[in-house]
Amino acid sequence: MFFNFTQDVAIDLGTANTLIYIRGEDIVLNEPSIVAVDHSTREVREIGHEALQMHERTHKDIETIWPLKDGVIADFKVAEQMIRGLMQKVRRNWFTSIRSMVVCVPSGITEVEKRAVRDSAEHAGAKRVHLISEPMAAAIGIGLDVSEAVGNMVVDIGGGTTEIAVIALSGIVIDESIRVGGNEIDNAVVQYFKRNHNLLIGSRTAERIKCEIGSAIELDTELELSVRGRDLVSGIPKDRTISSVNVREALRDNLDQIAAGVLRCLERTPPELGADVLERGIMLTGGGAMLHGLDEMLRDRVELPVYVAENPLTAVVRGTGTALENLEQYKRVLI
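What you see is a predicted model; the values in this text were computed from it and never measured.

Peer 1: Quick rundown of the packing of aromatic side chains? Include the residues and the values.
Peer 2: All chains considered together, the criterion is met by 1 aromatic pair. Ring geometry for Tyr 192 and Phe 193: centres 5.2 Å apart, planes at 90°, overall edge-to-face. This pair shows no difference in class: Tyr 192 is buried, exactly as Phe 193 is.

Peer 1: Describe the side chain of Glu 134, listing the residues and the values that go with them.
Peer 2: Relative to the assigned elements, Glu 134 resides in helix H4 (residues 134–141). Salt bridges are absent for the buried Glu 134, whose nearest opposite-charge side chain, Arg 179, sits at 10 Å. Ignoring anything within four residues of it in the chain, the contact list for Glu 134 reads Cys 104, Val 105, Pro 106, Asp 156, Thr 161, Glu 163 and Val 316.

Peer 1: I'd like a rundown of the domain arrangement of the protein, residues and numbers included.
Peer 2: The parts lose accessible area when they come together, and the size of an interface is often stated as this lost area. If you check the domain split of the protein, you get domain 1 (6–137 + 316–325), domain 2 (144–180 + 258–310) and domain 3 (182–250). Between the C-alpha centres of domain 2 and domain 3 the distance comes to 29 Å. Across the boundary between the two partners, domain 2 contributes 10 residues, which contact 9 residues of domain 3. Here domain 2 meets domain 3 over a buried area of about 790 Å², counting both sides, of which 69% is carbon and sulfur. Three residues stand out in domain 2 for area buried against domain 3, namely Gly 159, Leu 291 and His 292, and they jointly supply 52% of the buried area on that side. Counting across the interface, domain 2 meets domain 3 through 0 salt bridges. On the surface where domain 2 and domain 3 come into contact, there are 4 residue pairs in polar contact (both at pLDDT 80 or more). Split into classes, the residues belonging to the side of domain 2 that touches domain 3 amount to 4 nonpolar, 4 polar and 2 charged.

Peer 1: Describe the sheet that holds strand E13 (residues 171–178), and please don't skip the residues or the numbers.
Peer 2: Taken in spatial order, the 5 strands make up an open sheet running E13-E12-E11-E17-E18, and their pairing is mixed. Each edge of the open sheet is held by one strand with a lone partner, namely E13 and strand E18 (306–308). The sheet shows a mean angle of 20° between the axes of neighbouring strands, taken without regard to direction. For strand E11 (residues 152–157) and strand E17 (residues 282–285), the ladder comprises 4 bridges, and the chain directions are parallel. From the neighbouring strand, Met 153 faces E17, where its bridge partner is Ile 282. Packing against the sheet, H4 makes contact with E11, strand E12 (162–168), E13 and E17, and its axis sits at approximately 65° to E12. Sitting on the sheet, helix H7 (residues 244–268) is in contact with E11, E12, E13 and E17, with an inclination near 155° to E13.

Conventions used here
Residues numbered from 1 in each chain as written. Predicted model: local features only at pLDDT ≥ 70, side-chain atom pairs only at ≥ 80, totals over all residues. Heavy atoms only, no water. Phe/Tyr/Trp six-rings, centres within 6.5 Å; stacked < 30°, edge-to-face > 60°. Buried < 20%, exposed > 50% of the residue type's maximum accessible area, 1.4 Å probe, protein only. Helix = DSSP H or I, 4+ residues; strand = E, 2+ residues; numbered from the N terminus. Lys, Arg positive; Asp, Glu negative; His and termini not counted. Salt bridge = Lys/Arg side-chain N within 4 Å of Asp/Glu carboxyl O. Contact = heavy atoms within 4.5 Å. Domains from an automatic or database assignment. Buried area = accessible area lost by both parts, 1.4 Å probe. Polar contact = N/O pair within 3.5 Å; in protein donor to acceptor, adjacent residues only side chain to side chain. Nonpolar A, V, L, I, M, F, W, Y, C, P; charged D, E, K, R; others polar. Pairing = 2+ DSSP bridges. Axes fitted to C-alpha atoms, helices over the stretch in contact; angles between N-to-C directions.

Here it is, written out as structure tokens:
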């Protein structure tokens, strides 16, 4: 039996993961932003977790695609199919009409990229589409009152970009979008071990290395991890034991770029708002905020208090959901 009903939806359409929030129900889905398609017919085989299991393990008839790059849509058609497929996962036996959809986007998005997001959401079934910038959504999601005449600084480290913004009076005063995120950091790990250890690893292995032994600061006890990859000299798969010291060296350049972006934002911040940031500190959100010691590293660089938000992974979608639940209250923050 199928039921016809209307629903309001908020989506954190991320480069690495897509999260869906339904009005009155909270977060109902968190899956990788990846689609497996048939190479010849372009029909969708799998979406989300199932497609990720196939990534880097496919044969010539199946291709895995990440439809978003650097926080924006790179493959319009596949992105639309992904949104539809993820909505069907949420309501498999229900025919859903989406009345309103709020989608978060990077603060540095162009008008063309905004149009692509709106078109994808509309083609996926949304009647009305609103956009909200990621740092604004993150600030709302961690409980900051963005309407106050007080400066709040948020650094959202996502899969494709790092969004840095100073927010006051329901608007973004200063912002910077850096094309460095979780995916770029994973790629840095791949390139480091390829260049320095003649070991070729996949992106999923790189992410596991980053999550398990990655750090932004020296550890009291350095960690080790056994990984499998292909030896580039012999061409044979090998087991190697790697150290957190190596991983930290691999991450250094990307972390330096994030710290430099924060410093540039602070340099452009008006003095009164800068005083507010000094008092309140800088809030870190996004999956990258969970890298061990990142808050301490930034604290040393900028000489300001830096805090990791509670549940940083879901801060953006919770803020997007709050804006959805209170569209009238937050209409000034929508773009």
